[in-house]
Amino acid sequence: RETVFDRIDLPTMEAKMGRYTKLSTRLERGLAPNKMSPKFAAKVDDYKNLLPVINALLNESMKTRHWDKVQELIGVPIVRDDAFTLQKILDLKAPAHGDAIGLISTEATQEQALEEMLHKVTAKWSDVCFSVVAYKESKDTFILGGIEEIMVALEDSMVTMSTIMSSRFVKGIRETVEKVEGQLGLFGETLDEWLAVQKNWMYLETIFSAPDIQRQLPAEAKQFFAVDKQFRDIMRKTKENDNALKAGTTPGYLASFQKANETLDRIQKNLEDYLETKRMAFPRFYFLSNDELLEILAQTKNVQAVQPHMSKCFDGIKALDFGKD
């Protein structure tokens, strides 16, 4: 009765109570009716009924929030110090709330399991990094390399988070779970926008690197180079700090990529309109793809640039002779 609660040796206590229970039964059957046997049996029952409660409260998964629930259930403050002995548990009449305390303990165990699942997710992402590679062998321009493993890791993590959120025991850790789930959701959304920007940027970078295109589409060139500067800056920062989750959840990145995609989509549309005017002026250009037509327009001072495309524009014409002048 004087043992500090946290130091109770439950297996030993259970073994002793097993022996006392057998002894109580033997005394009731073997002795003549007397006053002491029923009293002894009552004490044995008190301790026997206390065992499940002790087992529940000694659960290592029990945290402060769970003890608060127990305190609220019993209606008496619980101070877990060296004066908190087994007798205190008896005085609080804890066995009367045995089933409810057992449910709280079960809840603590299940929450612990969910927390371990959550920890595995967060621990995994501390080691997941972007593959940042040089663009066209440039020393200061980078792009994201293969991201297949990152996409698989993200999908697995989201499935785990969905499992955790669907558990009826998530209530106690919901705030933490929602924070991690929100981070992963933001990362996924940002990554989608990021890859879209990279794809469009790589396509347009080749086009707007041509001075002739810059002169013919000055407004679009200005818009592109604004996105170009922003994209290169972000990629340089990602090269220096390549942790995927941290980079992908950097404040402002999602909005920046969304705006960049809007700008690049608008540039591509204007580029399409521009190419359409050229095709309308010279319908034979309809036989050429956008890339082939842009290859010609990017070299307006070089008349020979049309030569590789003559056979597509005209049947039976392989090349043109422009003469020496």
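If you're wondering where the values come from, they're calculated on a predicted model, not measured in any experiment. (Residues numbered from 1 in each chain as written. Predicted model: local features only at pLDDT ≥ 70, side-chain atom pairs only at ≥ 80, totals over all residues. Heavy atoms only, no water.)

Draft legend 1. Highlighting the overall build of the protein chain. Looking only at helices and strands, one finds 13 helices and two strands in the protein chain. Relative to the 2.2 N^0.38 estimate, which gives 20 Å for 325 residues, the radius of gyration of the protein chain is 37 Å and therefore markedly larger than a compact globule would have. Counting only C-alpha atoms, the protein chain reaches 135 × 35 × 30 Å along its principal axes. Counting all 325 residues of the protein chain, 38% fall into the buried class. Sequence separation of 24 or more characterises 69% of the internal contacts of the protein chain that already satisfy a separation of 6 or more. As displayed, the protein chain offers around 19,700 Å² of accessible surface, 53% of which is attributable to carbon and sulfur atoms. Charged side chains in the protein chain number 44 positive and 49 negative. The centres of these two groups are separated by 5 Å. (Helix = DSSP H or I, 4+ residues; strand = E, 2+ residues; numbered from the N terminus. Rg over C-alpha atoms; globule rule 2.2 N^0.38 Å. Buried < 20%, exposed > 50% of the residue type's maximum accessible area, 1.4 Å probe, protein only. Contact = heavy atoms within 4.5 Å. Areas by Shrake-Rupley, 256 points an atom, 1.4 Å probe, with all protein chains shown as cover. Lys, Arg positive; Asp, Glu negative; His and termini not counted. Charge placed at Lys NZ, Arg CZ, Asp CG, Glu CD.)

Draft legend 2. Here's a closer look at the pattern of salt bridges. Under the counting rule described, the total for this entry stands at 14 salt bridges. Linking Glu 178 and Arg 174 is a salt bridge whose minimum nitrogen-to-oxygen distance equals 3.9 Å. Of the two residues, Glu 178 and Arg 174 are both situated in helix α7 (residues 174-208); the distance of four residues between them amounts to about one turn of the helix. Each of Lys 63, Arg 65, Glu 111 and Glu 115 takes part in one network of salt bridges that share partners. (Salt bridge = Lys/Arg side-chain N within 4 Å of Asp/Glu carboxyl O.)

Draft legend 3. Inspection of the packing of aromatic side chains at higher detail. The full count for this structure, using the stated rule, is 16 aromatic pairs. Aromatic pair Phe 282 and Phe 285: ring centres 5.0 Å apart, planes at 70°, arrangement edge-to-face. Each residue in the set Trp 125, Phe 130, Phe 187, Trp 194, Tyr 253 and Phe 257 is aromatic and connected to the rest through ring pairs, giving one cluster. (Phe/Tyr/Trp six-rings, centres within 6.5 Å; stacked < 30°, edge-to-face > 60°.)

Draft legend 4. Geometry of a nonpolar patch on the surface. There is a patch of nonpolar side chains on the surface, built from Val 303, Ile 317, Leu 320 and Phe 322 and spanning about 300 Å² of accessible area. Here Val 303 shows up in the loop between α12 (290-297) and α13 (310-313). (Patch = residues over 30% accessible without salt bridge, like charges linked within 9 Å, V, L, I, M, F, W, Y side chains within 5 Å.)

Draft legend 5. Representation of the packing of helix α6 (residues 148-166) against α7 within the structure. Between α6 and α7, the shortest axis-to-axis distance is 10 Å and the interhelical angle comes to 150°. Between α6 and α7, the crossing angle belongs to the class labelled roughly antiparallel. Handedness of the crossing formed by α6 with α7: left-handed. For the pair α6 and α7, contact is made by Ile 150, Met 151, Leu 154, Ser 157, Met 158, Met 161, Ile 164 and Met 165 and by Arg 174, Val 177, Glu 178, Val 180, Glu 181, Leu 184, Gly 185, Phe 187, Gly 188 and Leu 191, respectively. Among the residues forming the contact of α6 with α7, the class breakdown is 12 nonpolar, three polar and three charged. (Axes fitted to C-alpha atoms, helices over the stretch in contact; angles between N-to-C directions. Parallel < 35°, antiparallel > 145°, perpendicular 65-115°, else oblique. Left-handed = near helix turned anticlockwise from the far one by under 90°. Nonpolar A, V, L, I, M, F, W, Y, C, P; charged D, E, K, R; others polar.)

Draft legend 6. Structural context of helix α3 (residues 64-74). For α3, the full list of buried residues reads His 66, Trp 67, Val 70 and Ile 74. Buried residues along α3 cover an arc of 100° about the axis, so they all sit on one side. Residues of α3 that are exposed and point more than 90 degrees away from the buried face comprise Thr 64 and Glu 72. On its buried side, α3 packs onto α2 (36-57) and α5 (98-125). Looking one or two residues beyond α3, the residue adopting positive phi is Gly 75, at roughly 85°. (Arc of directions from axis to C-beta.)

Draft legend 7. Expanded view of the packing of α5 against α6. Viewed as axis vectors pointing N to C, α5 and α6 meet at an angle of 160°, and their least axial separation amounts to 10 Å. Relative to α6, the element α5 is oriented roughly antiparallel. Where α5 crosses over α6, the two elements pack in a sense that is left-handed. Within the contact between the two elements, α5 uses Leu 114, Met 117, Leu 118, Val 121, Lys 124 and Trp 125 and α6 uses Ile 150, Ala 153, Leu 154, Asp 156, Ser 157, Thr 160, Met 161, Thr 163 and Ile 164. Here the contact of α5 with α6 is composed, by residue class, of 10 nonpolar, three polar and two charged.

Draft legend 8. Representation of the side chain of Gln 307. Position of Gln 307 relative to the elements: it lies in the loop between α12 and α13. The exposure class of Gln 307 is buried, given its relative accessible area of 17%. Apart from the residues lying within four places of it in its own chain, the contact partners of Gln 307 are Lys 318, Ala 319, Leu 320 and Phe 322.

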